[in-house]
Amino acid sequence: MKNFKLGLQRPGKRELKIGVALVGSLLLGGCFDEPLYPDDDAGFQATIRYTTNGVPHIKADDLSSAAFGAGYVQAKDNICVLAEAIVKARGERAKYFGPGAGDMNVISDFSFKAQGILSGAQEDYPELSWRNRALIDGFTAGYNKYVEQTPASDFPPECRNQPWVKQIEPTDLIAHYRIIGQYASGLLFSTGAVFLAVPPEVSPAPMPAIAQTEAEPDSLPSRMAESARLLAASRTNFNETGLASNAWAVGRGMTEQGRGALLANPHFPYTGHRRLYQMQMTVPGYLNVNGAGLLGTAVPLINFNENLAWSHTNSISRRFTLYELRLKTGDNMTYVKDGKEKPITAKTVQIEVANGTSTPTVLERKFFYSEYGPMLSANAVTGGGLPKWGETNAQGATVAYSYRDANGDTSDLLGTWLEMSRATTLKEFQGVFRQCGSTLWTNTIYADDQGNAFYIDSSSVPNLSPAALATIAAKRGASPEYNALFEAGLTLLDGSTSRDDWVKGKCDGLVPYKDKPKLVRTDWVQNSNSSHWATNPDEFLTGYSPLFGAENAPINPRTRLGIKMLQNPMEHGLDSDTPAPAGQDGRFSAEELAGTIWNNRAWYSEQYLGELLNRCEVIADNPVNVPDEILPIDPDLNGGSRVVSDGCAALAGWNGTYDLDSTGAHTFRAFNDIYTRSFPNDLQTPFDPANPVYTPADPSAAQAGTPDDPMLQSLAAGLTVLDAAGIDPAAALGDVQYYQPTGGVPPGGDPSGVVAQSPKIPWHGGHSDVDGAFNAIGVADSVFAEDTVIPRMNTPAFRDAAGNRFAGGVSANSGEGWKVAQGSSWLFGLEFTDNGPEAYGLVSYSQSTDSTSPYFVDQSQRYSDKNARKLLFTEAEIMANLLPQGEITISSDDE
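Residues numbered from 1 in each chain as written. Predicted model: local features only at pLDDT ≥ 70, side-chain atom pairs only at ≥ 80, totals over all residues. Heavy atoms only, no water.

Engineer: I tried to follow the pairing of strand E32 (residues 826–833) on my own but got confused; where do I start?
Structural biologist: Along any regular strand the residues' side chains alternate between the sheet's two faces. Counted residue by residue, E32 has eight buried out of eight residues, so it is predominantly covered. Covered by surrounding structure in E32 are Trp 826, Phe 828, Leu 830 and Phe 832 together with Leu 827, Gly 829, Glu 831 and Thr 833, the residues of both alternating faces. Where strand E5 (residues 261–269) meets E32, four bridges bridge the pair, whose relative direction is antiparallel. Along E32, the bridge assignment pairs Leu 263 with Gly 829. Two strands pair when backbone bridges link them, and E32 and strand E33 (residues 836–843) are joined in this way by eight bridges, in the antiparallel orientation. Of the residues in E33, the one forming a bridge with Gly 829 is Tyr 840. Joining the antiparallel neighbours E32 and E33 is a turn of two residues. (Buried < 20%, exposed > 50% of the residue type's maximum accessible area, 1.4 Å probe, protein only. Helix = DSSP H or I, 4+ residues; strand = E, 2+ residues; numbered from the N terminus. Pairing = 2+ DSSP bridges.)

Engineer: Mind showing me how you'd approach the state of the cysteines here?
Structural biologist: Two cysteines, two sulfur atoms, one covalent bond between them: this is a disulfide. Under the defined criterion, the tally for this structure stands at three disulfides. The partner cysteine of Cys 436 in its disulfide is Cys 507, sulfur to sulfur 2.0 Å. Taking the sign of the torsion about the S-S bond as the criterion, the disulfide between Cys 436 and Cys 507, at about -80 degrees, is left-handed. With Cys 436 in the loop between helix H11 (426–434) and strand E16 (442–448) and Cys 507 in the loop between strand E18 (492–494) and strand E19 (518–521), this residue pair connects regions lying 71 residues apart in the sequence. Here Cys 436 falls in the partly exposed class, since its relative accessible area comes to 28%. You can call Cys 507 buried: its relative accessible area is 11%. The side chain of Cys 616 participates in a disulfide bridge whose partner is Cys 648; the two sulfur atoms lie 2.0 Å from each other. (Disulfide = S-S within 2.5 Å.)

Engineer: When you look at the pattern of salt bridges in this model, what are you seeing that I'm missing?
Structural biologist: Pairing between side chains of opposite charge can happen when their charged atoms approach one another. According to the stated counting rule, one finds 37 salt bridges in the structure shown. Two residues, Arg 642 and Asp 646, come together in a salt bridge whose shortest N-O distance is 3.3 Å. By relative accessible area, which is 17% here, Arg 642 ends up buried. (Salt bridge = Lys/Arg side-chain N within 4 Å of Asp/Glu carboxyl O.)

Engineer: Looking at this structure, how should I read the pairing of strand E7 (residues 287–294)?
Structural biologist: For E7, a buried count of seven out of eight residues is recorded, marking the element as mostly surrounded by other parts of the structure. Summarising the sheet, strand E6 (residues 276–283) and E7 pair through eight bridges and their orientation is antiparallel. The residue of E7 that forms the bridge with Thr 282 is Asn 288. What sits between E6 and E7 in their antiparallel hairpin is a turn of three residues, with Gly 285 showing a positive phi close to 80 degrees.

Engineer: Teacher, can you tell me more about helix H13 (residues 480–487) here?
Structural biologist: Since one α-helical turn is 3.6 residues long, residues separated by three or four positions face the same way. Along H13, the residues that are buried comprise Tyr 482, Leu 485 and Phe 486. Within H13, the buried residues cover an arc of 100 degrees as seen down the axis, which keeps them to one side. Away from its buried face by more than 90 degrees, H13 exposes Pro 480 and Glu 481. Of the surrounding secondary structure, the elements contacted by the buried residues of H13 are helix H12 (466–478) and E18. (Arc of directions from axis to C-beta. Contact = heavy atoms within 4.5 Å.)

Engineer: Any chance you could explain the sheet that holds strand E14 (residues 361–369) here in plain terms?
Structural biologist: Hydrogen bonds between backbone atoms are what pair the strands of a sheet, whose relative direction is either parallel or antiparallel. An order of E3-E14-E13 is seen for the three strands of this open sheet, with the pairing classed as antiparallel. Looking along the sheet, the strands with just one partner apiece sit at the ends: strand E3 (207–208) and strand E13 (345–353). As judged from the nine bridges shared by E13 and E14, these two strands associate in the antiparallel manner. Along E14, the bridge assignment pairs Ala 346 with Phe 368. Where helix H4 (residues 104–114) meets the sheet, its contacts fall on E13 and E14, and the angle it forms with E13 comes to roughly 140 degrees. (Axes fitted to C-alpha atoms, helices over the stretch in contact; angles between N-to-C directions.)

Engineer: Mind showing me how you'd approach empty space enclosed by the protein here?
Structural biologist: Taken as a whole and judged by the stated rule, the model has nine cavities of 30 Å³ or more. In this structure, the largest cavity encloses a volume near 350 Å³. Lining the largest cavity are 28 residues, and of these Thr 271, Pro 741, Thr 742, Gln 757 and Ala 785 lie nearest its centre. Secondary structure elements with two or more residues in the lining of the largest cavity: helix H2 (63–89), strand E26 (742–743) and strand E31 (818–824). Here the lining of the largest cavity gets three residues from one element, more than from any other, and that element is E31. Considering only enclosed or pocket space, the second largest cavity measures out at about 150 Å³ in volume. Surrounding the second largest cavity, 18 residues form its lining, Leu 294, Leu 301, His 312, Trp 441 and Thr 442 being those nearest its centre. Broken down by secondary-structure element, the contributors of at least two residues to the lining of the second largest cavity are E5, strand E9 (308–314) and helix H10 (413–422). The element contributing the most residues to the lining of the second largest cavity is E9, with three residues. Of the residues contributing to the lining of the second largest cavity, the split by class is eleven nonpolar, seven polar and no charged. (1 Å grid on protein atoms, 1.4 Å probe; cavity = no way out; pocket = protein on both sides within 12 Å on 5 of 7 lines; lining within 4 Å. Points joined across faces, edges and corners; volume = space filled by probe spheres on them. Nonpolar A, V, L, I, M, F, W, Y, C, P; charged D, E, K, R; others polar.)

Structure (structure tokens):
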């Protein structure tokens, strides 16, 4: 019997109470034959080999030691971002960084504590499975090892000598995972919706918990409610999470080797907690997987092993439901369900707020809960569309609102991915989901060495009864207001009847495997963030819960282009010099799959460019009318008329792709942004569910070539925006679109000190929605790195009345162009061969967020150069590409 090292809270320390709990779970699980912890009470030990571009290959004799290596290397490359994530998860931003702009740190801290982010993690830890415990204990120890041995003065400037960079507990890591799990659910309400949920006559403003002996921010509690209202109202679409991806699995019928192949292309932020980090983890005889995971995850999430590979795309399914509670007459703290009274409970929460003195202000207030979860200010979420707590709804009932989160408990987050990583066959891989495994908010697209291509919406979706689903359908048909809520991502259920409770079933309220959308084929499956139904138009997926997404409905332009390339693998698109997706034989290789990203094709140019150029020829040098209403809300931009010959000339020389040397690509971007937003009904061929790729289509010919032609008006307005932005319509895309990381200032520091941390790197790709580009990019739209309060440079923008940016986010600063901050991130093409997996790819923003690291922008330049590297997997490959002094062994017992 193995003698496992249990319950590590710090490297080399044990906690007996939790250790005993783990022994119990091990006995029940009967898993003493698995290499989970070191033998003989030894410390964690891992060997790390660094290869090309600083990729670590971690090898250890047990799972916890492999995770120890993962924690160490991630901290070494990304300590500031990881440390800030832990501060956030602990609800301590205000403690270290002050109230923040608009009091957002205070609101965030209160919300996360009210949502049980840290307290839930502390409750979960003793009950974790032995596999989860091994991964979390090991990663925590590795992170702490790096923090312990590294002088604080050696950290990057964003966290140098900062008190919040310190050793952590396993529960801190679990709390971070709870936030990851709620990216597409509870996190959407943490900016004010939970904070504002209070009964009538109760103020949401917190109050000092104790008398302060030094100066306190007297105005803070009184201004808090208004700050929360502004933050809560800033989101109007709860389907939009800022996450996107492409993924293809190609079966044996369409690959060069007659086995399976995979394209992985997540479009994630280039800054903050959602960065992906590549590593290989090997425990001989137990685990050998190479891939990338979100920072802080102790096992990669988008991976391949010897037999299978998979990627994820953000699912449009729903991970939460709202509940309208019918309150007892005269009692705002009691609701009635199935004729029985139910209490609304309260919990007092405290946070600390830095105030410039040695004694922080301690604020406290009560938060409120139903049986479903935290109470919610539906009035704030819907901009007044739903009543406040204690007011009456359209039926005259006195109501309040709560929500239930399918990813509120992510205690098995690592276990799901570990078992996926250890699978060797399709049956074993599917078995993870049969046992209620969840990938939280993603689809999974899978290929294997037997030539199978498999798709499943593997996200956490509430399991509603047929009666509840029928009621939703009836309400959507009868009430435009209810349907508008549903279309905005808010599934409103009736909390007065158990009919609308989640069906407990095998998966504790979530849709089980048998009822999830899924498909196995030997040609291909794909997803680019449209719903499941058009995964492969040769076999539509229908009849699933509407909470998985619309069926027989339009699909997004990336999905349309992706399917077009899969259906026509030997076609080049508009530019004959652009390689066909599968080359001349119509069968994909690993390098060709990676190349489908860098072919930089776009849906809208392939549909509309020819027609637009025809209309350019007709209008010639005659002026085009520009209505004020299609221009940005900007006092310096007015309508009138203008000629479009300069834009037409730029477009005439464009090859239709978003390559660095493409001239005029951004001019089409400016045109199409205005055309699709201002003239959504101009297409004359309507959507046809039998032909979702090529419909809707065909701009109306009613005003073609005239001064009032919607296409020409859109081009004229787009050129007006480019003029105001100081951008030449005929410039090469690489001259106006670039990646340039910025930073150098810690949270709460002076943002004027933010500096550019590298030269501008020309950047491929187009905007997902505006350009319909498969290789999708997006610009910075915040003064902070994504999910953090670490300052970065932001670009001012031209915006419409709803706050949306124009021309895919071109900067209003003259000549600044497009500063890319998200998009293609961890990307690779893989094919299984007779000799195992062969893959090519990279991490577009590189491995490290430390501007002094040699791995800060090295892969970014490779991305710009279209220079994918081979993803090393075998021992021979690793040793042949080992960096000088690239092998180290670390141990938790080292001084």
